[in-house]
Structure formats: C-alpha cells, structure tokens
Amino acid sequence: MYKRILVANRGEIALRVIRACREMGIETVAMYSEADRGAAYLDLADEAYCVGPAKSAQSYLKIDRVISVAEVGNVEAIHPGYGFLAENAHFNEICSSCKIDFIGPTPEAMNMLGDKVQARGLARSADVPVVPGSEGLVETEADAVRLANEIGFPVLIKATAGGGGKGMRVAANELVLKSALQQAKNEAEATFGNSGVYLEKYIERPRHVEVQIVADNHGNVVHLWERDCSTQRRHQKLIEESPAPNLPEGTRSEMCEAAVRLIRKAGYTNAGTVEFIVDQEHNYYFIEVNARIQVEHPVTEVVTGIDLIKTQIMIATGERLPFSQGDVKPSGAAIECRINAENPDANFRPCPGTIERMIVPGGFGVRFDSHAHSGYTVPTHYDSMIGKLIVHQPTRREAIECMLRALDELRVDGIDTTTDFHKKVLNHSNFIEGWVDTTFVERTWLS
Ligand code: MV4
C-alpha cells in the first residue's frame, strides 16, 4: 500500500480523497492555488503546497507545477479527482515517466476512449449498442448526406474529440446538415485541435443513465449498477440517483453487462463510468466513457456500500478487487443534489462570496460532502459547487421525503444557492413519478 499520495485537486473532492487516505493510513500531500490558500480542508492533509496563482491554467492545470509538488512532497501516487488534469492522457504519461502512479486508467486506455469514434468502434466490436450513425469519421458533405438519409433526420454531428455535450450540432434536414458539417469541423478544430466529426441519429428527449465500473489489473471487471443523471441543465447535472426509476429490470442488467464488456475490451482499469442514453422505448445506446471518478460517485457508494475512492487506490497499488459481481448487492434508493453557489432565478449565474452562516443537515441516511463552512469564501475562479447532499433510504419515495427534509435543514446564508430550486424539482409530479428526461428542467423552468 502507498505511504503517501498527492491530491491534485481542490474543494470537496480533495477533502473526499484526504478522508479516504486518512482511514487507509496513507499520508496526503495537498496543493492549493493562491485563491484556495488557508482553506480549512487543507489542514486535514499532512502537508500542503502552493501550486500557483488563482487561475487554474497557472495552477491546478499546470503539469510542471503539479509534478513539482509531487516531487517535493515525495509521493508515490497522484489522485487527480475530477476535472482539471483527471482525463489528461499527457499528464498521465508524464506521471508514468516520473515513476509516480496515476490513480486512474492507463494513458493508452484513456487515449483510446477519449476518441469518441474509436470508443464507438470498440463498443460495436463488444456487442454494445451504439446510436445508429456513421461507422467512422464523416469526411465529405456527400457522405454525410447519404448517411443522414439512411438513418433518417434529425441527425446529430459530434466531434470525435468532444464529449460532455461540447461540439454537438443538430441537423433537421439536408440543407442544415450541409452548412452545419463544415461549421462543426471548424469548431472542433478550434476547440480540440482535431477536426474529426461523426454522425448519429438524434434521439429526442433521452434519459441519461450511466454505469459505474471498477476494474483491477488482474482482469476482474465489476459493475456497481447505474445512476440516472437526467435532471440536468445545459449539460450541468443537478440531481443524480440510483437505481434509475422506471427502468425495466431486464434493460438495467443488460446495460450493466454491456458496460462490463466494453471496459474489458478496452483494457480499461480503475474506476470509470460508461454513459448511455435511453430513449422513450427503453432502448439504450452507448455514448461515451468517463475515465475518472465522477462528482456523483457517492450515490453508488451508498447503495452498494463500496467506497469508490478506497477501491481506486487499492486498484492502483495492484491489489485485486476484494469483491466479485455476485457480492455487489445494491440496496434501497439514493439521491444526490448538487448545492451550487448560483442564483437559479438569474440563469444560474454563479454567486461567489462569503458564507456568513452554514448549518449542515444530518440524521438517518443523510450525507453531506462539502469543504464549505460558516465563514468560508467561495472563490470566483472555479466551478460553483460547494457541496453534495446525498440521502439513502429503503425506497425512492422515502429518499425524496428525506431529501426535502434535509434541504429544509440546510442553511447557507450570505450567498445564493441551488437549494430551493432542488425543492421545486423534488416536488414536481414528473420527478416524483420518475418520468424525467434530459430536457425536463429546461422545458419546465425555461432556465
Ligand atoms: C445525444 C443526444 C441525443 N441523440 N446523442 C450530450 C452530452 C454527451 N455526453 C452526449 N449528449 C447527447 N448525445 C444522440 N445521438 C442527446 C445528448 C444530450 C444529453 C446527454 C446526456 C445528458 C444530458 C444531455 C443533454 C442534452 C443532450
């Protein structure tokens, strides 16, 4: 087991990793930008080093500085958290050449799955359903038109280097497709330095369901069931839950087994997520793999009883998974609400500032993952999430009741938060009945 690791992140996920390490007897080195200097969670690490100025491009994202902190801190491994360098294959390679373990997949698996056309090809070869569309890249306008007429309009143009909704364009007819294709290629080149695009049939009002996977370095791949993340706005998830409501049991287990096949085929190791969209008829289609621990991982932790951060660290040291598929018995229902420093009445505008007073909810089945506290100042430079409220109850109905009660208990004075918006969502009949797709929030509250 490691003696000491670097937590190459900030905020709640840095705290989450520090806590797991403390329980495992692993020392932690934390890093902070000038905007995060003095943050209380840094005191829970054994050491903390400044990694640069407030701007993440000059601190949390700056590979040479992060590696310097790792060297000075004398760590054996780096946990990247999510965001920042977590899915940067180049950083991953540099860790390896510096003989520092990257707690995540290999650079090869990361590169392969980071290319969406390659990931689609891999999925097809593993008998995992993909959205009907192009076999590979779409090169010419004539190819695009021929293909679109085959699969039927509307179609979606996606960047092969994209993901998370970046660089997508809907085309409802031939005319739009012709102009959108070149635009999409130019945009992809400018954004990702890769102009490659591909086509998919546009699935209307899909649900977003993702499967959590863990895989060790000995060929063991286990899924930890699914999360429904359909309650989102502009590709920002607001609420995640497990199990996915109203998903037929057969579909659910098929999808999870498909995710395992893909991960096996990719030679992917450590924790990862296989994302699917699910249409109104419960057909599921692979869309992408997230090669990192995700924000919403606690939802899976509470329904399975498995600590995903500890599992990631164990896998990275070369240990075998301490459980097999049959040991994973999900129980009850979990919901997570992301508490963001944003004003939902002003287009979810970020509202950084000082929290004058904060009261944290508790009680049976309530977990609050947060680095914030009374007197904490939310910096302007990073994403606006200040905490995640997670509840776990025997049934979904009880989980909703528990979440409403916990949201009532949560008090964050001095800044605007998404707390009250969550109450509106949880009280909406569509949410209560579990009929939520990825367009629900925007259709219902035009935000
Ligand atoms: C789609 C789609 C409809 N049809 N692909 C957006 C994020 C990226 N991971 C894939 N996304 C989508 N791909 C086809 N063929 C709709 C979305 C989509 C979406 C997916 C997951 C979660 C939220 C979403 C919000 C809008 C659109």
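A quick note: this is a predicted structure, and the numbers were derived from the prediction, not measured.

## Brief notes about the overall build of the chain
- Helix and strand content of the chain: 14 helices and 22 strands.
- A buried classification covers 57% of the 447 residues belonging to the chain.
- In the chain, 65% of the contacts between residues at least 6 apart in sequence involve partners at least 24 apart.
- For the chain, the computed accessible surface area is about 17,900 Å², with 48% contributed by carbon and sulfur atoms.
- One way to put it: in the chain the 47 positive side-chain charges average out to a point 1 Å from where the 61 negative ones average out.

## Points about helix α10 (residues 308-316)
- Most of α10 is tucked away, with eight of its nine residues classed as buried.
- Buried within α10 are the following residues: L308, I309, T311, Q312, I313, M314, I315 and A316.
- Positive backbone phi, approximately 95 degrees, marks G318, located one or two places after α10.

## Examining the site of the ligand
- Lining the immediate environment of the ligand, one finds 19 residues, of which K158, E200, K201, I203 and E288 sit closest.
- One of the backbone N or O atoms of K201 is found 2.7 Å from a nitrogen atom in the ligand.
- Note that a nitrogen atom of the ligand is positioned 3.0 Å from one of the side-chain N or O atoms of E288.
- If the ligand stood free it would expose 520 Å²; the protein chains cover 90% of that surface.
- Those elements giving two or more residues to the shell around the ligand turn out to be β6 (155-163), β8 (197-201), β12 (270-278) and β13 (284-290).

## As for the packing of helix α3 (residues 89-97) against helix α4 (residues 107-114)
- Here α3 crosses α4 at 170 degrees, and the two axes come no closer than 9 Å. By the angle between their directions, the pair α3 and α4 is classed as roughly antiparallel. Across from A89, N92 and E93 in α3, the residues of α4 making contact are P107, M110 and N111.
- Here the contact of α3 with α4 is built from residues that sort into three nonpolar, two polar and one charged.

## Description of the pattern of salt bridges
- Applying the stated criterion to the full structure yields 31 salt bridges.
- Between E27 and R4 there is a salt bridge whose closest N-O contact spans 2.7 Å. Pair noted here: E27 is in strand β2 (residues 27-33) and R4 is in strand β1 (residues 4-7), with a separation of 23 residues, a long-range link.
- For E27, a relative accessible area of 27% gives the class partly exposed.
- Ionic pairing is found between D408 and K423, a salt bridge with its closest N-O pair at 2.9 Å.

## Points about unusual backbone geometry
- Following F153, the chain continues to P154 via a peptide bond in cis, the omega torsion being -5 degrees.
- Of note, P154 is situated in the loop between α6 (141-151) and β6.
- A cis amide bond links S242 with the next residue in sequence, P243, at an omega value of -5 degrees.
- Among the secondary structure elements, P243 is positioned in the loop between β11 (236-242) and α8 (249-266).
- Positive phi, close to 45 degrees, is recorded for R205, a residue that is not glycine.
- Residue position: R205 is located in the loop between β8 and β9 (207-215).
- Looking at R205, the relative accessible area reads 41%, which means it is partly exposed.
- In the Ramachandran plot, N347 falls in the positive-phi region, its phi being about 60 degrees despite a non-glycine side chain.
- Looking at the secondary structure, you find N347 in the loop between β15 (342-343) and β16 (349-350).

## Examining the side chain of N270
- As for its placement among the helices and strands, N270 is situated in strand β12.
- The class of N270 is buried, set by a relative accessible area of 1%.
- A polar contact is formed between the side chain of N270 and the backbone oxygen of Q312, at a distance of 3.1 Å.
- The contacts of N270, once residues within four sequence positions are left out, are I103, G104, P105, I213, V214, A215, Q312, I315 and A316.

## Describing the sheet that holds strand β7 (residues 166-171)
- Strands sit in the order β7-β6-β8 across an open sheet of three strands; the sheet is antiparallel. One side of each edge strand has no neighbouring strand; the edge strands of this open sheet are β7 and β8. Here the average twist between neighbouring strands, direction ignored, is 25 degrees.
- Relative to β7, β6 runs antiparallel, the two being bridged by five bridges. Bridge assignment links G163 to a residue of β7, and that residue is K166.

## Topic: empty space enclosed by the protein
- The final tally for this structure, using the stated rule, is three cavities of 30 Å³ or more.
- By volume, the largest cavity is sized at about 60 Å³.
- Around the largest cavity, the lining residues are R207, D228, S230, T231, I239, E240, E241, P245, F431, G434 and V436.
- Class assignment of the residues belonging to the lining of the largest cavity gives a composition of four nonpolar, three polar and four charged.
- If you add up the space inside the second largest cavity, you get close to 40 Å³.
- Taken together, R10, H371, Y376, V378, P379, Y382, D383, M385 and I386 make up the lining of the second largest cavity.

## Some thoughts on the pairing of strand β14 (residues 333-340)
- Across the eight residues that make up β14, a large majority, eight, are buried.
- Residues A333, I335, C337 and I339 line one face of β14 and the alternating positions A334, E336, R338 and N340 line the opposite face, and both faces are buried.
- Strand direction decides the pairing type here: β11 and β14, joined by four bridges, are antiparallel. The residue of β14 that forms the bridge with S242 is A334.
- Where β14 meets strand β21 (residues 385-393), eight bridges bridge the pair, whose relative direction is antiparallel. Within β21, the residue paired with I335 across the bridge is V391.

Thresholds applied
- Here the residue numbering is sequential within each chain, running from 1 through the sequence in written order.
- Only residues with pLDDT of 70 or above have their local features reported here, since the model is predicted, and side-chain atom pairs are shown and tallied only from 80 upward, although totals for entire chains, interfaces and linings are computed over all residues.
- The basis for the side-chain values is all heavy atoms of the structure; hydrogens and waters are excluded.
- Secondary structure elements are taken from DSSP: a helix is a run of H or I of four residues or more, a strand is a run of E of two residues or more, and numbering for both begins at the N terminus.
- Throughout this description, buried means an accessible area under 20% of the type-specific maximum (1.4 Å probe, protein chains only), exposed means over 50%, and partly exposed covers the range between.
- Contacts are assigned to residue pairs with any non-hydrogen atoms lying within 4.5 Å of each other.
- What sets the accessible areas is the Shrake-Rupley method with a 1.4 Å probe; for residues, cover comes only from the shown protein chains.
- Positive charges come from Lys and Arg, negative ones from Asp and Glu, while His and the chain ends are left out of the count.
- We put the charge of a Lys on NZ, of an Arg on CZ, of an Asp on CG and of a Glu on CD.
- It suffices for a single heavy atom of a residue to lie within 4 Å of a molecule or strand for the residue to be listed as near it.
- Pairs of N or O atoms are called polar contacts if they sit within 3.5 Å, as long as, within protein, a hydrogen donor faces a hydrogen acceptor (for residues adjacent in sequence, only side-chain-to-side-chain pairs).
- As a rule, the C-alpha atoms of each element are fitted with a line to give its axis, helices using only the stretch in contact, and angles between N-to-C directions run from 0 to 180 degrees.
- With respect to orientation, any angle under 35 degrees is reported as roughly parallel, any angle over 145 as roughly antiparallel, any angle of 65 to 115 as roughly perpendicular, and every other angle as oblique.
- Classification used: nonpolar for Ala, Val, Leu, Ile, Met, Phe, Trp, Tyr, Cys and Pro, charged for Asp, Glu, Lys and Arg, polar for all others including Gly.
- Within this document, salt bridges are pairs made up of a side-chain nitrogen of Lys or Arg and a carboxyl oxygen of Asp or Glu, the two lying within 4 Å of each other.
- Criterion used throughout: strands pair if DSSP finds at least two bridges between them.
- Using a 1 Å grid laid over the protein atoms alone, points where a 1.4 Å probe fits but cannot get out form a cavity; open sets with protein on both sides within 12 Å along at least 5 of 7 lines form a pocket; any residue with an atom within 4 Å of a point counts as lining.
- Grid points are joined across faces, edges and corners, and a volume is the space filled by probe spheres set on the points.

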